[in-house]
Amino acid sequence: MLTLSTLLITYFSYFKYKDLIEEQLALNKERLLFGLNNTTPNLIVLGNNYIDTKSLVNELKKKLDKDNNHNNLDLISNVLKKKNLIKKFIITKKSNNLIQIKIEEKNIIGLLKIENNYYLIDEFNNIIESKITQNLFHLPIFLGKNSSKNANVILSLIKEGNINLNYLSFSFVDQRRWNISLKNGVKILLPETKVLDTLKLLNKVVSKYNILNGNFIEIDLRIYGKYFLKPKIN
C-alpha cells in the first residue's frame, strides 16, 4: 500500500511539474553542450556608432580563448564594462556558436583637444578617454581650459537660438566667452553674457544678409545688440 501511494504521488507530481522538469532538463543539456564546446563562438555586435566592431570582437575572442571557456558570458560582460563609450549592453546567447551583443553608447557631443591629443565629451560634459576613429571627426572640437565643462551649454544655446551653424570648433576664450570657427573659415566672436539673445540677433542678420556664406571672415558680436564684419580679402 505504501509503495502504491508513493508511485501515485510521484506520477501526479510529474504531471504537475512536467513543464518545469522538462525546462530544467533542457537547460542542463544546453549547459553540458556549451561546456563541451571548444570552438570560439561567432560574436555579433549591434547598436554601435563609434566603437570599432572588428577590434572589439577580436579582443573578446582572445579573452575567451585565453580563458578556455568559449561561452563565458561573464567574461564578455567584464570586458564591455571597461569600455568607456558603452552606456549599457545586453548579451544574448543565440546558439552554441553565436552570441549577440547589443550595446548602447554614450551620447558624444564633441572632442576635446589638449595639445595634440583628443578626448571625447559626452552629454554630461564628462571627458572620456577612448580610441579616436575617423567617424568621430564630424563632431565639433573644443579648445581652451574648461571648454569641455561648458560644451553642452553652448551647443544647447545654439539649438535654442534656432540657428544653423556649420561649426568646426569652439574656443573658450579666457574661460569667459566663446569663439566659433565655421568649416568655411568664418569666425564668430560671442560676448560673455546674453549669448542666446546674441545668437538670435545673428540668426536674423544671417537670414537677411547671408553673412555666413564666406564673404566675411569674422563676425564680431561682443558688444550687445551690435555686430561688426571683417570682409574677406582676396
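Residues numbered from 1 in each chain as written. Predicted model: local features only at pLDDT ≥ 70, side-chain atom pairs only at ≥ 80, totals over all residues. Heavy atoms only, no water.

## Some details on the sheet that holds strand β5 (residues 117–122)
Next up, step 1: Taken in spatial order, the 9 strands line up as β6-β5-β4-β7-β8-β9-β10-β11-β12 in an open sheet, and their pairing is mixed. Both edges of this open sheet fall to β6 (127–128) and β12 (228–231), since each of them pairs with a single strand only.
Next up, step 2: Sheet topology note: the strand β4 (residues 108–114)/β5 ladder contains 6 bridges and is antiparallel. If you follow L112 over to β5, its bridge partner there is Y119.
Next up, step 3: Strand contacts of helix α5 (residues 151–160): β4, β5, β7 (141–143), β8 (167–173) and β9 (177–182), with the helix running at about 125° to β8, the strand carrying the most contacts. (Pairing = 2+ DSSP bridges. Helix = DSSP H or I, 4+ residues; strand = E, 2+ residues; numbered from the N terminus. Contact = heavy atoms within 4.5 Å. Axes fitted to C-alpha atoms, helices over the stretch in contact; angles between N-to-C directions.)

## Regarding the environment of L212
Next up, step 1: Along the chain, the position of L212 falls in the loop between α6 (195–209) and β11 (216–220).
Next up, step 2: Remark: the alpha-carbon pair of L212 and G185, spanning 27 residues in sequence, is separated by 9.5 Å.

## A short note on helix α4 (residues 73–81)
Next up, step 1: Every buried residue belonging to α4 is among L75, I76, S77, V79 and L80, and all of these are buried.
Next up, step 2: For α4, the N-terminal capping position is held by N72, with its side-chain oxygen 3.1 Å away from the main-chain nitrogen of D74. (Buried < 20%, exposed > 50% of the residue type's maximum accessible area, 1.4 Å probe, protein only. Polar contact = N/O pair within 3.5 Å; in protein donor to acceptor, adjacent residues only side chain to side chain.)

## Some points on the sheet that holds strand β2 (residues 86–95)
Next up, step 1: Read from one edge of the open sheet, 3 strands run β1-β3-β2, paired in mixed fashion. Of all the strands in the sheet, the pair left with one neighbour each is β1 (42–46) and β2. On average, adjacent strands in this sheet sit at an angle of 20° to one another, irrespective of strand direction.
Next up, step 2: With 8 bridges connecting them, β2 and strand β3 (residues 98–105) associate as antiparallel partners. Directly across from T92, in β3, lies its bridge partner Q100.
Next up, step 3: Where α4 meets the sheet, it contacts β1, β2 and β3, and its direction lies at approximately 160° from that of β2.

Taken by themselves, the reported measurements are silent on function.
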